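# Examination of the molecular architecture
These are the residues of each chain, in order.
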Amino acid sequence: MFEEKGISADVVLSDLRGVLQEDCTYESGRPVASMSTTPHQLGVRVLVEYLEKNAGRLHTFQGSAQIEREVVGMIADLLGLENPHGTTTSGGTESNILAMLSFREYAKRKTDSPEVVVPKNAHSSVDKAAWLLGIKLRKSPVDKEFKALPGGIERAITKDTVGIVATAGTTYLGQIDPIEKIGAIAEAHELPFHVDAAFGAFVIPFLRDLGLGNFTFDFSVSGVTSISADPHKMGLAPIPSGCIVFRNKKHLDTITLKVPYLGGISAKQSTILATRSASSILSTWAIMKHLGRSGYRTLVSQCMKTTRLAVERAHANPELTLPLEPVMNILGLGTTNMPLDHVVDRMEERGWSMAISPFPRTMRVVVMPHVTESVVNEFFNDLDKILT
Ligand code: 0PR
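The residue numbering used here restarts from 1 in each chain and proceeds along that chain's sequence as written. Under the rules for a predicted model, residues below a pLDDT of 70 receive no local features and side-chain atom pairs below 80 are neither given nor counted, while totals for whole chains, interfaces and linings still include all residues.

### Examining the overall build of the protein
Our working definition: The helix and strand labels rest on DSSP assignments: H or I over at least four residues marks a helix, E over at least two residues marks a strand, and numbering proceeds from the N terminus. The size measure is the radius of gyration over C-alpha atoms, and the globule rule it meets is 2.2 Å times the number of residues to the 0.38 power. Put simply, a residue is buried when 20 or more other C-beta atoms lie within 10 Å of its own C-beta and exposed when 12 or fewer do; between those, it is partly exposed, and each C-beta is set from the backbone. We call two residues in contact if the C-beta atoms placed from their backbones are at most 7 Å apart.
Looking only at helices and strands, the protein has twelve helices and 13 strands in total. In terms of overall dimensions, the protein is globule-like: its C-alpha atoms have a radius of gyration of 22 Å, near the 21 Å expected for 388 residues. Along the first, second and third principal axes, the C-alpha atoms of the protein reach 65 × 60 × 45 Å. Residues counted as buried form 48% of the 388 residues belonging to the protein. Sequence-distant contacts in the protein: of pairs separated by 6 or more residues, those separated by 24 or more amount to 72%.

Here is the structure:
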C-alpha cells in the first residue's frame, strides 16, 4: 500500500531492516552458488559518494566519461587489447545482447534470418538475447568435459550464420571453451566471434600468472572480435558493473545509436540502457586502480586454495561426484545415490542458498571470496550428514 501520509525516517529504516532479515548475507557464507560477493569497501565509498551521476548523460558528466574510457581501457589491457572500442554495461546479460546485436546489424545485408552458433554450455542470457533480437540459435554439442566441440560449431554454420559465441568460464562448471580453435573457424568463415568471459575475465589471466592453468582465451586469438567481462563478479565491484570490448570500431559502430537531442558525447549511445549508474563505473575504476593486478592475483590464489579444499572434501565422500575437476573456482557436485533435489532441499533447510545447474545436473558451488575455508568445511559437514 502507498500511504497518503509519510512515515518518519527512523520507522522506515527499522521496517526495512526487519524485512531484510529474510535476505541471505554474503558475510554468512551461505550464498554458495552466487557469482556476486561483498563489494570492496573502497568501491562502496565511491558508489555512495557519487551516487547521482548518470552515465546516460556523459555530456554533463565529462569526468565520469573519462573514467568510463579508462575502465574499458584497463579491462581491454587485461584481455590483451591495446586500442579498444567498448562500453561499460549493466552486466553479462546486456553485454551478450550487445554482442549479438552487433552480429545481426553487421550482417544486415547478408541475411534476413540471422542465426548464431553457440555451444550448449552457454549462459541463458544468450537465449534471452536471441529471443529479444529475433535470432535463431544453433546449439552445438560439447565434449565429455562440457567444453565446446569445434567440429560441432563448424558443422552448425549455415549461410545465415552471423556470428559465434563461446564461453571462457561457464556458469555451471567454470569450463573454458577451446577459444583458439573456434577463433580459427570464425576467421575461416569470416564470422565475428564473441567470448563470454563475464565470470572468467577476472580469473583466467591470474590462473596463468599463478601457474594454475595456461588458457588462451583473449584478444591474442586473432579470430576473437569481442569479449565481455563483469567487474561485478570476480572484480569485486558493486552491482551493476559489466563491460564489453570490441577489437574493431566497425563492430561497436553497429550498436551505436544516434540520439542527437542529447547533444555532445551523449548523442551517441552504445548501451541498451539510457539513464544508468555512473557511480558503479567510478566504483569499478577505484577498485581496479586500488587492487591492481597483484590484488586480483592474490584473491584468485585464495579462492583457488579454497577450491582445492572443496575438491578434497568432495572426493572424500563416495556419495558425491565431480563431473569435472574444477578449472577455476566453480564446482558442480553430483550425487551417487540420493536424488539431487532432496539433498538441495535439506541443505536449504540448514540455511544454505543453493542452485541446481541443469547441464550437467549438479549443485553449483562458486568459491567466491565470501566462501572461505571454514564455510567450505561447514558446507561439506552438512552434506556429509545429509548423505549418510
Ligand atoms: N555469462 C555468464 C557466463 C554468466 O555466468 C552470467 C551470470 C552471465 C553471462 C550474465 O550475467 P549478469 O547476471 O550479470 O547479467 N551468471 C550467474 C547465473 O546465472 C548470475 C548469478 C549471479 C546467479 C548471482 C546467481 C547469483 O546469486 O548463474
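On we go.
### Details of the site of the ligand
Inclusion rule: Contact assignment follows one rule, namely that a residue is near a molecule or strand if its backbone-placed C-beta atom lies within 6 Å of it. A domain assignment, automatic or from a database, supplies the domain bounds used here.
What surrounds the ligand is a group of 18 residues, the closest being S34, G91, G92, T93 and T171. Among the elements that line the shell around the ligand, the one with the most residues is helix α4 (residues 92-106), at three residues. Looking at which domains feed residues into the shell around the ligand, each of domain 1 (24-39 + 292-387) and domain 2 (43-288) gives three or more.

### Observations regarding the sheet that holds strand β6 (residues 226-229)
Spelled out, the test is: Only strands joined by at least two bridges in the DSSP assignment are considered to pair. For helices, the fitted line uses only the C-alpha atoms of the stretch in contact; every axis is such a line through C-alpha atoms, and the angle between N-to-C directions lies from 0 to 180 degrees.
Pairing within the open sheet is mixed, and its seven strands lie in the order β1-β7-β6-β5-β4-β2-β3. The outermost strands of the open sheet, each flanked by one partner alone, are β1 (85-89) and β3 (136-140). Here the average twist between neighbouring strands, direction ignored, is 20°. Against the sheet, α4 touches β1, β2 (115-119), β4 (161-167), β5 (193-196), β6 and β7 (242-246), its axis set at about 25° to β7.

### A look at the domain arrangement of the protein
For clarity, the threshold we go by: Note on residue categories: nonpolar means Ala, Val, Leu, Ile, Met, Phe, Trp, Tyr, Cys or Pro, charged means Asp, Glu, Lys or Arg, and polar means any other residue, Gly included.
The assigned domain composition of the protein is domain 1 (24-39 + 292-387) and domain 2 (43-288). If you average the C-alpha positions of domain 1 and of domain 2, the two centres end up 27 Å apart. The set of elements that each furnish at least two residues to the side of domain 1 that touches domain 2 consists of α10 (279-316), β11 (330-335) and β13 (361-366). Per element, the largest residue contribution to the side of domain 1 that touches domain 2 is five residues, and it comes from α10. Here the side of domain 1 that touches domain 2 is composed, by residue class, of twelve nonpolar, seven polar and two charged.

### Points about the nonpolar core
Nonpolar side chains tend toward joint burial in soluble globular proteins. What counts, and what does not: Each nonpolar core reported here comprises buried Ala, Val, Leu, Ile, Met, Phe, Trp, Tyr and Cys residues connected via C-beta atoms within 7 Å.
Within the largest apolar cluster, 104 residues are counted, with the highest numbers of intra-cluster contacts made by L79 and V245. Residue contributions to this core peak at twelve residues, all from α10. Mapped onto the domain boundaries, this core takes at least three residues apiece from domain 1 (24-39 + 292-387) and domain 2 (43-288). Those residues in contact with V245 that lie beyond four places of it in its chain are V72, I75, A76, L79, L81, P84, G86, S226 and I227.

### Quick word on the packing of helix α11 (residues 340-349) against helix α12 (residues 373-387)
We apply this condition: If an angle is under 35 degrees, it is roughly parallel; if it is over 145, roughly antiparallel; if it lies from 65 to 115, roughly perpendicular; otherwise it is oblique. Crossing handedness is defined as follows: a turn of the near helix away from the far one that is anticlockwise and smaller than a right angle gives a left-handed crossing, while the clockwise case is right-handed.
One can describe the packing of α11 onto α12 by two numbers: an axis separation of 10 Å at closest approach and a directional angle of 125°. On the basis of their axis angle, the class for α11 and α12 is oblique. With respect to the hand of their crossing, α11 and α12 are arranged in right-handed fashion. Across the interface between the two elements, V343, R346 and M347 of α11 pack against D382, I386 and L387 of α12. When its residues are assigned to classes, the contact of α11 with α12 shows four nonpolar, no polar and two charged.

### Concerning helix α3 (residues 62-78)
Here is the rule: For a helix, the expected span equals 1.5 Å multiplied by the number of residues minus one.
End to end, α3 covers 25 Å across 17 residues, agreeing with the expected 24 Å (1.5 Å per residue, within 8%). All buried positions along α3 are accounted for by S64, I67, E68, V71, V72, I75, A76 and L78. Phi turns positive, to about 80°, at G80, one or two residues after α3.

### Section: the sheet that holds strand β10 (residues 320-321)
Reading across the sheet, the four strands line up as β10-β11-β13-β12 and stay open at both edges, with antiparallel pairing between neighbours. The strands lining the two open edges of the sheet, one partner per strand, are β10 and β12 (356-358). Bridge analysis of β12 against β13 gives three bridges, and the strand direction is antiparallel. Each bridged residue has a counterpart across the sheet, and for P358 the counterpart in β13 is R361. Packed onto the sheet, α11 meets β11, β12 and β13 and runs at close to 35° relative to β13.

### Remarks on the environment of G29
Looking at the secondary structure, you find G29 in the loop between α1 (9-20) and α2 (41-49). Using a count of 20 C-beta atoms within 10 Å as the deciding quantity, one classes G29 as buried. Spatially, the C-alpha atoms of G29 and W352 are 8.4 Å apart, while their sequence positions differ by 323 residues. Excluding its chain neighbours within four sequence positions, the residues that come into contact with G29 are H370, V371, T372 and V375.

### Side note on the pairing of β1
Counting buried residues in β1 gives five out of five residues, a clear majority hidden from the surface. Across the two faces of β1 the burial is the same, with H85, T87 and T89 and G86 and T88 all buried.

### Describing the pairing of β7
Summarising burial for β7: five of the five residues are buried, a large majority. Where burial is concerned, the two faces of β7 agree: the one with G242, I244 and F246 and the one with C243 and V245 are both buried. Bridging between β1 and β7 involves five bridges; their strand directions are antiparallel. If you follow T88 over to β7, its bridge partner there is C243. In terms of strand pairing, β6 meets β7 through four bridges, oriented antiparallel. Residue pairing across strands places S226 opposite F246, the latter belonging to β7.

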